[in-house]
Amino acid sequence: MNIAIGAFLITLLFIPAISFRLALNNHRQLKELLGALSITDTIWMFILVPICTHLVLLPILFTLGMTVKFDLMLNIIYSNRDFHIDNRTMGWDVISFMGYVLFAFAAAFVVSAWIVKNKRLSEKIVALLGAGNEWYELFDGKYASMNFDMILLNVVTGSKESTLIYTGYLENYYFQTKSTELNYIVLTQVTRRDLRKQALTEQPLGEGGKTTAYSNEPGIPIDLPGDVIVIPAKEILNINITYLQLEVDNEMIEELEG
Amino acid sequence: MRAKISKLGKAFLKNNKAAAALSEAVFNNRDRISNGEKVQFEVVLSRSNKPVKFIAAVRSAGISQP
């Protein structure tokens, strides 16, 4: 029982790590890549966060003449038999301790949210955690020279029968479980065409020789039914990415949205 | 992970004709688009009683080398 209480109290002290993890949910890349972490993983991974939080908060509280009764908690954790429990006193001590834990949680969350919103600092965190991902950087337009409205992809895929180009707007992309490897991409408003319009065969070559060549032009685009098309990454040979920036009148946006 | 699409982009994707017209404009003017030139295209919306023709422009946002 006491071991359980001790473990619970230690978890409470580590709770700023969880608030840091919650703040990371506001970051698209980190949210996805750290999504598989359990609470225990989170606490161990961000162990420095609660240490830093208490390191900052406790001196401030002491300066203000307030104390957090860690001796009380220590006695509970160690199950000290000599420790006299007075419900009236202990009640307030526990409440003030819980209040401090809540305050530490909120403070860590606010600071973490600010850090995550700061582009330079969030990039540092990504680099520190080794969560950099080339697919995220490409599809999030990290290297686009200006803002864009959507991404048009030309995806070349290979199959036994032919090589095809799928053209569509990127809607979603998924990584493999607990990995930064691309699993599949989801396109919308997709057309499909053959890589080569036609094969040009039987061209004379010297004395009765024949050769086969392929047209440089792609085939005719065919609209694909369905709202979205899922293309597994293992089928993809290469991807041509175009970041599109649109200019339209406001009335057109309203008309488009209906 | 959800792709980054602006409000205007979402409006285009909701409308099949607009999305198809945009896609066609990009394909037919791929040289100009890849050079970052602005390309105009027309979208005819027939949601109201008579077709409405809009002119929009598109260009590539380009790549700055990492």
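Residues numbered from 1 in each chain as written. Chains lettered and ligands numbered in written order. Predicted model: local features only at pLDDT ≥ 70, side-chain atom pairs only at ≥ 80, totals over all residues. Heavy atoms only, no water.

(A) Focus on the overall build of chain B. Looking only at helices and strands, one finds three helices and two strands in chain B. Starting at the N terminus and walking to the C terminus, you meet the elements of chain B as α-α-α-β-β. Burial status across chain B gives 41% buried among its 66 residues. Restricting to contacts in chain B with at least 6 residues of sequence separation, those with at least 24 account for 20%. Entry remark: accessible area of chain B is about 4,000 Å², with carbon and sulfur atoms responsible for 47%. (Helix = DSSP H or I, 4+ residues; strand = E, 2+ residues; numbered from the N terminus. Buried < 20%, exposed > 50% of the residue type's maximum accessible area, 1.4 Å probe, protein only. Contact = heavy atoms within 4.5 Å. Areas by Shrake-Rupley, 256 points an atom, 1.4 Å probe, with all protein chains shown as cover.)

(B) View of the side chain of A:T53. Residue and element names in this part refer to chain A. Inspection of the secondary structure puts T53 in helix α5 (residues 48–63). Within polar-contact distance, the side chain of T53 engages the backbone oxygen of V49 at 2.6 Å. Among residues more than four places away in sequence, those in contact with T53 are P16, A104 and A108. (Polar contact = N/O pair within 3.5 Å; in protein donor to acceptor, adjacent residues only side chain to side chain.)

(C) Spatial organisation of the nonpolar core. Within the largest apolar cluster, 49 residues are counted, with the highest numbers of intra-cluster contacts made by A:I185, B:F12 and B:L22. Apart from the residues within four sequence positions on either side, A:I185 is in contact with A:F139, A:L153, A:V155, A:L170, A:N172, A:Y173, A:I229, A:V230, A:I231 and A:I236. Ranked by size, the runner-up nonpolar core spans 16 residues in total, among them A:I18, A:I43, A:V68 and A:I76. (Core = buried A, V, L, I, M, F, W, Y, C linked by side-chain atoms within 4.5 Å.)

(D) Structural detail: helix α2 (residues 15–24) of chain A. Here α2(A) lies mainly inside the structure; nine of its 10 residues are buried. Every buried residue of α2(A) is accounted for by A:I15, A:P16, A:A17, A:I18, A:S19, A:F20, A:R21, A:A23 and A:L24.

(E) Focus on the packing of aromatic side chains. Residue and element names in this part refer to chain A. Under the criterion given, the structure shown has seven aromatic pairs over all chains. Plain terms: the ring middles of F20 and F46 are 4.9 Å apart, the flat faces sit at 70° to each other, and that makes the pair edge-to-face. With a gap of 26 residues between them, F20 in helix α2 and F46 in the loop between α4 (39–45) and α5 connect regions that are remote in the sequence. Side by side, F20 and F46 carry an identical accessibility label, which is buried. (Phe/Tyr/Trp six-rings, centres within 6.5 Å; stacked < 30°, edge-to-face > 60°.)

(F) Up close: the interface of chain A and chain B. Counting residues at the interface gives 42 residues for chain A and 39 residues for chain B. Carbon and sulfur atoms make up 61% of the area that chain A and chain B hide from each other, which totals about 4,000 Å². It is A:Y143, A:E255 and A:L256 that lose the most area in chain A upon contact with chain B, and together they represent 16% of the buried surface on that side. One salt bridge in this structure joins B:K38 and A:E247, with 3.0 Å as the shortest N-O distance. The interface formed by chain A and chain B contains nine residue pairs in polar contact (both at pLDDT 80 or more). When contributions to the side of chain A that touches chain B are tallied by element, the ones reaching two or more residues are α3 (28–33), α9 (134–139), β1 (150–158), β2 (163–175), β3 (182–194), β8 (236–247) and α10 (250–257) of chain A. Among the elements that make up the side of chain A that touches chain B, the one with the highest residue count is β2(A) (eight residues). Of the residues assigned to the side of chain A that touches chain B, the class counts are 21 nonpolar, 10 polar and 11 charged. (Buried area = accessible area lost by both parts, 1.4 Å probe. Salt bridge = Lys/Arg side-chain N within 4 Å of Asp/Glu carboxyl O. Nonpolar A, V, L, I, M, F, W, Y, C, P; charged D, E, K, R; others polar.)

(G) Seen up close, the pairing of β1(A). All names here are of chain A. Most of β1 sits inside the fold, with eight of its nine residues counted as buried. Taken together, the eight bridges between β1 and β8 define a ladder with antiparallel strand orientation. Paired with V156 across the two strands is N238, which belongs to β8. Bridging between β1 and β2 involves seven bridges; their strand directions are antiparallel. Each residue of the ladder has a partner; that of N154, found in β2, is T167. Once β1 ends, the chain turns through four residues before running back antiparallel as β2. (Pairing = 2+ DSSP bridges.)

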